[in-house]
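A closer look at the structure
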Amino acid sequence: MQTEIRHHLNDELLMAYSAGTLPEAFSLVVATHVSLCDECRARLDAIDSVGGAVLNGVDEVDVSEDSLDRVLKMIESEDRALPRVAPKHVTLPEPLRSYVGGDVDAVKWRRVGGGVKQAVLDTGGTESVRMLYIPGGVAVPDHTHGGMELTLVLQGAFRDEVDRFGRGDIEIADSDLDHQPVAEEGEPCICLAATDAPLAFKGLVPRIAQRFVGI
């Protein structure tokens, strides 16, 4: 497995995650990346520390007697994905393992064509997050994006018009990126991807298939 991570989260995403303003689908990808990436974990710790210092400097205000109970209920209902340091012997680190119910062998894959498989994870909200299984040498159809897409590599690697992405690397894509990811030859490429809008495929066949697989 690749240990050198070259593509990281930006400060905007880390700050939104720290503040708890990211949708759960994107929080899951961020937390899973942070569990694999020492650099982003250190940056997140620094952002959390700054946020705590800011809160300590805020003047106290009166709150209602049931405020604590309401906050605890909000925490339980949101079930925010929390990062943990990933053991080296697993493919799927926490918190992703908890969503899947185990490692790769527990994933409930659904075939989408060309040997590619996906598994949609339930996080609620209008955003979506899915795992993708792409056999070595297979290309994902050329597409752009209607919104933001975060793609985290968990096994293998892929290349596109931007660069090479291996285990732990994360690609941040938006409507400005038109690309065709291709899994490297060898072991299958397994990714975790979150989107807040459907992908915009260039070809007719992928656009037709999109109606049935929901990408």
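Please read these numbers as outputs of a predicted model, since none were measured by experiment.

Each helix and strand in the chain was counted, giving six helices and 11 strands. When burial is assessed residue by residue, the chain has 41% of its 215 residues classed as buried. Contacts spanning at least 24 positions in sequence make up 68% of the contacts within the chain whose residues lie at least 6 apart. On the chain, roughly 11,800 Å² of surface is accessible, and the fraction owed to carbon and sulfur atoms is 53%.

Looking at chain direction, strand E1 (residues 110-113) and strand E2 (residues 116-121) are connected through three bridges and run antiparallel. The residue bridging Arg 111 from the neighbouring strand is Lys 117, located in E2. In this antiparallel pair of consecutive strands, E1 and E2, the connection spans two residues, and Gly 114 shows a positive phi of 65 degrees.

Of the residues in the chain, 75% have a pLDDT of 70 or more, and the chain-wide mean is 83. Within the model, the stretch residues 203-212 combines pLDDT values under 50 with nine contacts to residues more than four positions away or in other chains.

Within the open sheet, the six strands sit side by side as E1-E2-E3-E10-E5-E8. Their pairing is antiparallel. With partners counted over all chains shown, the strands left at the sheet margins are E1 and strand E8 (170-173), one partner each. Taking the axes of each pair of neighbouring strands and ignoring which way they run, one obtains an average angle of 25 degrees across the sheet. Its contacts with the sheet place helix H2 (residues 24-36) against E2, strand E3 (128-134), strand E5 (149-155), E8 and strand E10 (189-195), and it is angled at close to 40 degrees to E5.

Turning next to the side chain of Glu 94. Mapping Glu 94 onto the fold places it in the loop between helix H4 (67-78) and helix H5 (96-100). In terms of polar contacts, Glu 94 uses its side chain to reach the side chain of Ser 98, at 2.8 Å. Those residues in contact with Glu 94 that lie beyond four places of it in its chain are Thr 32, Ser 35 and Arg 84.

If you trace the three strands from one edge of the open sheet to the other, you get E7-E6-E9, paired in antiparallel fashion. The outermost strands of the open sheet, each flanked by one partner alone, are strand E7 (164-166) and strand E9 (182-183). Of the pairings in the sheet, the one linking strand E6 (residues 157-159) to E9 comprises two bridges and is antiparallel in character. Looking at E9, one finds that Arg 159 is bridged to Val 182.

With 33 residues, the main nonpolar core has Leu 96, Met 131, Leu 154 and Leu 192 as its most contacted residues. It is H2 that contributes the most residues to this core, eight residues altogether. Membership of the second largest hydrophobic core comes to nine residues, among which are Val 140, Val 153, Ala 183 and Cys 189.

The next thing to look at is the packing of aromatic side chains. Tallying each qualifying case throughout the model produces two aromatic pairs. Ring centres of Phe 158 and Phe 165 lie 5.1 Å apart, and the angle between their planes is 20 degrees; this geometry places the pair in the stacked category. Assigned by exposure class, Phe 158 and Phe 165 land together as buried. In this structure, Lys 117 is placed above the aromatic ring of Tyr 133, and the distance from its NZ or CZ to the ring centre is 4.3 Å.

Its 13 residues give H2 an end-to-end C-alpha distance of 19 Å, which sits within 8% of 18 Å, the value for a rise of 1.5 Å per residue. Among the residues making up H2, those that are buried are Ala 25, Phe 26, Ser 27, Leu 28, Val 29, Val 30, Ala 31, Thr 32, His 33, Val 34, Ser 35 and Leu 36.

What counts, and where the lines are drawn
- Residues numbered from 1 in each chain as written.
- Predicted model: local features only at pLDDT ≥ 70, side-chain atom pairs only at ≥ 80, totals over all residues.
- Heavy atoms only, no water.
- Helix = DSSP H or I, 4+ residues; strand = E, 2+ residues; numbered from the N terminus.
- Buried < 20%, exposed > 50% of the residue type's maximum accessible area, 1.4 Å probe, protein only.
- Contact = heavy atoms within 4.5 Å.
- Areas by Shrake-Rupley, 256 points an atom, 1.4 Å probe, with all protein chains shown as cover.
- Pairing = 2+ DSSP bridges.
- pLDDT = per-residue confidence, 0-100.
- Axes fitted to C-alpha atoms, helices over the stretch in contact; angles between N-to-C directions.
- Polar contact = N/O pair within 3.5 Å; in protein donor to acceptor, adjacent residues only side chain to side chain.
- Core = buried A, V, L, I, M, F, W, Y, C linked by side-chain atoms within 4.5 Å.
- Phe/Tyr/Trp six-rings, centres within 6.5 Å; stacked < 30°, edge-to-face > 60°.
- Lys NZ or Arg CZ within 6 Å of the ring centre and 35° of its normal.
- Expected span 1.5 Å × (residues − 1).

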